[in-house]
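Remarks on the overall topology
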Number of protein chains: 2
Amino acid sequence: MPHLLIVGGSDAGIAAGLAARQHDPDWDATIVLADRYPNFSICGLPFYLSGETRDWRALAHRGTSELTAAGLDLAVDTIAIDLDPHVHRVTVAHDGQCREIGYDQLVIATGAKPVRPALPGIDLEGVHTLHTMADAFAVHERLPEVARVAIVGAGYIGCELADAFTRRDLDVTVIEALPDVLTTVDRDLGSRVRQELTDHGVRVLAGSAVTEIRSRDHLLHVCTDGAADVAADLVIIAVGVAPNSAIGRRGGLATGVRGALVVDRRMATGVPDVWAAGDCVETWLPLLQRPGYLPLGTTAHKQGRVAGPNAVGGAREFAGSLGTQVVQVFDLAIACTGLRHDEAEQAGYRPKTADIIVDDHKAYYPNATPITLRVTGDRDTGRLLGAQILGHRTAQVAKRIDIYATAIHSKLAVDAVNDLDLSYTPPYSSPWDPVQVAAQRWLEAAG
Amino acid sequence: MPHLLIVGGSDAGIAAGLAARQHDPDWDATIVLADRYPNFSICGLPFYLSGETRDWRALAHRGTSELTAAGLDLAVDTIAIDLDPHVHRVTVAHDGQCREIGYDQLVIATGAKPVRPALPGIDLEGVHTLHTMADAFAVHERLPEVARVAIVGAGYIGCELADAFTRRDLDVTVIEALPDVLTTVDRDLGSRVRQELTDHGVRVLAGSAVTEIRSRDHLLHVCTDGAADVAADLVIIAVGVAPNSAIGRRGGLATGVRGALVVDRRMATGVPDVWAAGDCVETWLPLLQRPGYLPLGTTAHKQGRVAGPNAVGGAREFAGSLGTQVVQVFDLAIACTGLRHDEAEQAGYRPKTADIIVDDHKAYYPNATPITLRVTGDRDTGRLLGAQILGHRTAQVAKRIDIYATAIHSKLAVDAVNDLDLSYTPPYSSPWDPVQVAAQRWLEAAG
């Protein structure tokens, strides 16, 4: 039987394996993974740490037996250390022993690794990143002795962790070098998220770059250039991730944006019989018509579902990423898709952006809450380019951004959003859904 | 100033007036309405009767002053009784007096009227329909003396009313001639709605046609052909609506499906300077490429927003209706868009339909609930034709059906739903949203 080898057992790797076996069950598929937690939901780590997810085992998208039943051979605790595509061979290390695994086709799905800034004190005990199950266990184990947490970085993971540790009744400080939190959305929306954090007792130090971490009197002290030192029992570094493309580079694969592996829309690397997917690769951005680096679980699954079947003879194509995201921070949901105004401008569009605040459903039905919608479209073509929504966690913000994402995918004009036959009943919406009211506001806006 | 006359002050009429004035403020606009409640949300009546909406005034989408400020002259309690398009004149009656109103352009937006079957006893005191504010007041006034309610008809209004009266602690029986409730969705899903009703104490008599209503011993007795008589203090007839096209017919306008006024995609009636919109007209059904009768508030707003500007010189086109609907019945949300399998077959497609039950969000995050999704697509072209979703009211069912509605609008294939870059965070979804898992199931399904 021909042999498919997959390096990496998280979203992209598992998706590739399952989709490949579904496409052609005549292929053997082996998945080599660096730890013993295949197919775990990394996005769930904050909820494990908050206590909302009590049993870490529940974080597995699928159990090992289900993966095995689907025909995937799992080699756990196995690290890929070299790749020679000329002889179709990967060198792996397991339990101190090296061995070689041959392949007919190879999928590299080695994911990302958290960025660890070169700060004095970054390696002190009590300073953690959070990207793997091992990271989560290490933090979880420490929690009973922790009263104060400092989180460095206020992206979506930093914000989720601030929420999580607050639920644990810990004293939480978030430190962000940029002027506000959650810079995936516009700054005024980021300010609303910051307000939500502070309303729940989180101390937010924005515009403060960390300069050093010191250990003194059984405490860690996070020193910044803009504020007083922050004392903490635990420091989490959440300043983003970088592609884990080392094994690909060893095999001579090309790298591009931020060192991510270069792939085409079929997820082919250009090196014969080597494919790649997930957080280790560049992602096609259709609105920009160029690749970028945009590591997201949803994208990893989609790319895996393309790479796997293509490796075993399929002909799929990755449609690309709009960067659609949603995050919950306490009672707020914040979502975005496509381009913000400034991004659209930089990309050469002539954007116009309009805002509206409108109830999520008819105000006469109980519990209506105002949501903020922002729509960006191109003045020249009328095309919808992006949207941002912020509202209460009950306001269907996540699936409302998906309506825009579907419209952008389909290259709809902003005006066409008003033609959409969307559902309505007073408990859930209005005769014009908020996504349409925002589109109307965009049309009315000057310019 | 040129004069736009609009007959009808509900969704379509008001939308037409507002959009026309926005398109060209040089037009005078008069709206003639039969009662004194312009722009009231008829969809809100069940919530007023349930007590969830305490003040009926809250049911107004906009207050009279807002409408007046937008330049709309409102003639309330004014019934249009004749139309002569040759001389551009409408005869109206107000307070026992007739008068004529001339127009340069006319929009007919007279809505629908509830169907009153020709049953013995249909005119007895205590037998009501529910379509206008007057209807709602009449029922509301009676409620303090009511212990038992019989609802004839288990469409979405009948189901909402069963929910509403149960919240009032009334004893509720629903009588439906068809074999199950809510026949806008497949029968098995209708059965789930029936179960939800009975779980909350509603008695459901399906497959029972009402033959007569009698008054005896201060009680109404609803007699059926399939079950014992139902005794009630109040009977609500909710067996659907028919187009209120009388004034159009008097003016010589053509009628089509179920007697609705014939219009083109511009909402022109074919009679010079006469336009029509809302529940009194035929609706364009793009999936069937023919008109049908599908009275919905969302459609009325959209058609009004086309008719009004076109009447004053615009060039808009109504995109058509997919029949997207959602209803909440106790803790369930049930939604549909596009064609069901049987409808697709009748329309000449070669449909394939697949089902899946999947959690609305990652099970490791609290309060995940299973939702049922059903996808219908065309075997020959792969095109998405329709979808139905049933789940808990917290499961974003309404906006999930809207993702499908947007995809159908954009003529996407079922497979392309998997390409959509939808938002994900564990509290709201999974890396593949349920709408995508259902699309994958459709692709895997035999045939």
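Coordinates for the structure precede this section.
Residues numbered from 1 in each chain as written. Chains lettered and ligands numbered in written order. Predicted model: local features only at pLDDT ≥ 70, side-chain atom pairs only at ≥ 80, totals over all residues. Heavy atoms only, no water.

**Overview of the overall build of chain A**
In plain terms, the rule: Strands are runs of DSSP state E lasting at least two residues, helices are runs of H or I lasting at least four, and both sets are numbered from the N terminus onward. In this setup the radius of gyration rests on C-alpha atoms only. A globule is expected at 2.2 Å times the number of residues raised to 0.38. Here the term buried applies to any residue with accessible area under 20% of the maximum for its type, exposed to any over 50%, and partly exposed to those in between, with areas from a 1.4 Å probe on protein chains only. Only four residue types enter the charge count: Lys and Arg as positive, Asp and Glu as negative, with His and the chain ends excluded. In plain terms, the charge of a residue is placed at NZ if it is Lys, CZ if Arg, CG if Asp and CD if Glu.
Looking only at helices and strands, chain A has 11 helices and 25 strands in total. Taken over C-alpha atoms, the radius of gyration comes to 23 Å for chain A, in line with the 22 Å a tight globule of 447 residues would show. Summarising its shape, the C-alpha atoms of chain A cover approximately 65 × 60 × 40 Å along the three principal directions. A buried classification covers 59% of the 447 residues belonging to chain A. Side chains of chain A give 40 positive and 55 negative charges; the mean places of these two sets differ by 2 Å.

**Some thoughts on the interface of chain B and chain A**
Bring the parts together and some accessible area is lost; that lost area is often taken as the interface size. Put simply, the test is: Only heavy atoms enter the contact rule, under which two residues are in contact if any of them lie within 4.5 Å. Buried area is understood as the total, over both parts, of accessible area removed when two parts are fitted together, assessed with a 1.4 Å probe. Whenever Lys or Arg places a side-chain nitrogen within 4 Å of a carboxyl oxygen from Asp or Glu, that contact is recorded as a salt bridge. Whenever a nitrogen or oxygen atom comes within 3.5 Å of another N or O atom, the pair is scored as a polar contact, on the condition that within protein one atom can donate a hydrogen and the other can accept it, and that pairs from neighbouring residues in sequence are kept only if both atoms are in side chains. Under the scheme applied here, ten amino acids are nonpolar (Ala, Val, Leu, Ile, Met, Phe, Trp, Tyr, Cys and Pro), four are charged (Asp, Glu, Lys and Arg), and all others, including Gly, are polar.
On the chain A side, the residues contacting the 65 residues of chain B number 65 residues. Summed over both partners, the interface of chain B with chain A buries about 5,700 Å², with 58% contributed by carbon and sulfur atoms. Counting the surface chain B buries against chain A, the share from its top three residues, B:Y364, B:K399 and B:D421, is 15%. Our enumeration of links across chain B and chain A arrives at four salt bridges. The shortest N-O distance in the salt bridge between B:D415 and A:R305 comes to 3.9 Å. Run the count over chain B and chain A and you get 38 residue pairs in polar contact (both at pLDDT 80 or more). Per-element accounting of the side of chain B that touches chain A gives the leading share, 11 residues, to helix α10 (residues 397-409) of chain B. Its residues assigned to classes, the side of chain B that touches chain A comprises 29 nonpolar, 22 polar and 14 charged.

**Description of the relation of the copies chain B and chain A**
Which entries qualify depends on this criterion: Copy-to-copy superposition: least squares on the C-alpha atoms, limited to residues that have pLDDT of at least 70 in both copies.
In the superposition of chain B on chain A (RMSD 0.0 Å, axial shift 0.0 Å), the rotation amounts to 180 degrees. Seen this way, the second copy is the image of the first under a two-fold rotation axis. When the interface residues of chain B are mapped onto chain A, 100% of them again lie at the interface, so the same face is used by both copies.

**Observations regarding the environment of A:V281**
Residues and elements named next belong to chain A. By secondary structure assignment, the location of V281 is in the loop between β18 (274-276) and β19 (283-285). Exposure remark for V281: the relative accessible area of 1% places this residue in the buried category. Here the alpha-carbon distance between V281 and D171, two residues 110 residues apart in the chain, equals 37 Å. The residues touching V281, leaving out its near neighbours within four places in the chain, are A260, L261, V263, M267, A276, Y293 and Q303.

**A look at the pattern of salt bridges**
Residue and element names in this part refer to chain A. By the definition in use, this model includes 50 salt bridges over all chains. Of the charged contacts in the structure, one is a salt bridge between E317 and R265, with a shortest N-O distance of 3.7 Å. With E317 in the loop between α8 (297-311) and β21 (325-329) and R265 in the loop between α7 (246-250) and β18, this pair connects stretches of sequence that are 52 residues apart. E317 sits in the partly exposed class, given a relative accessible area of 48%. The exposure class of R265 is partly exposed, given its relative accessible area of 29%.

**Observations concerning the sheet that holds strand β6 (residues 97-102) of chain B**
Residues and elements named next belong to chain B. The line we're drawing: Strands are treated as partners if at least two bridges between them are detected by DSSP. For helices, the axis comes from a line fit to the C-alpha atoms of the stretch in contact; other axes are also lines fit to C-alpha atoms, and the angle between any two N-to-C directions lies between 0 and 180 degrees.
The strand order β4-β5-β6 describes an open sheet built from three strands, whose pairing is antiparallel. Of all strands in the sheet, those bounded by a partner on one side alone are β4 (78-84) and β6. The mean inter-strand angle of the sheet, taken between neighbouring strand axes irrespective of direction, is 30 degrees. The pairing of β4 with strand β5 (residues 89-94) spans six bridges and is antiparallel. Note on β5: the bridge partner recorded for I79 is A93.

Functional significance is not addressed by these values, which are geometric in nature.
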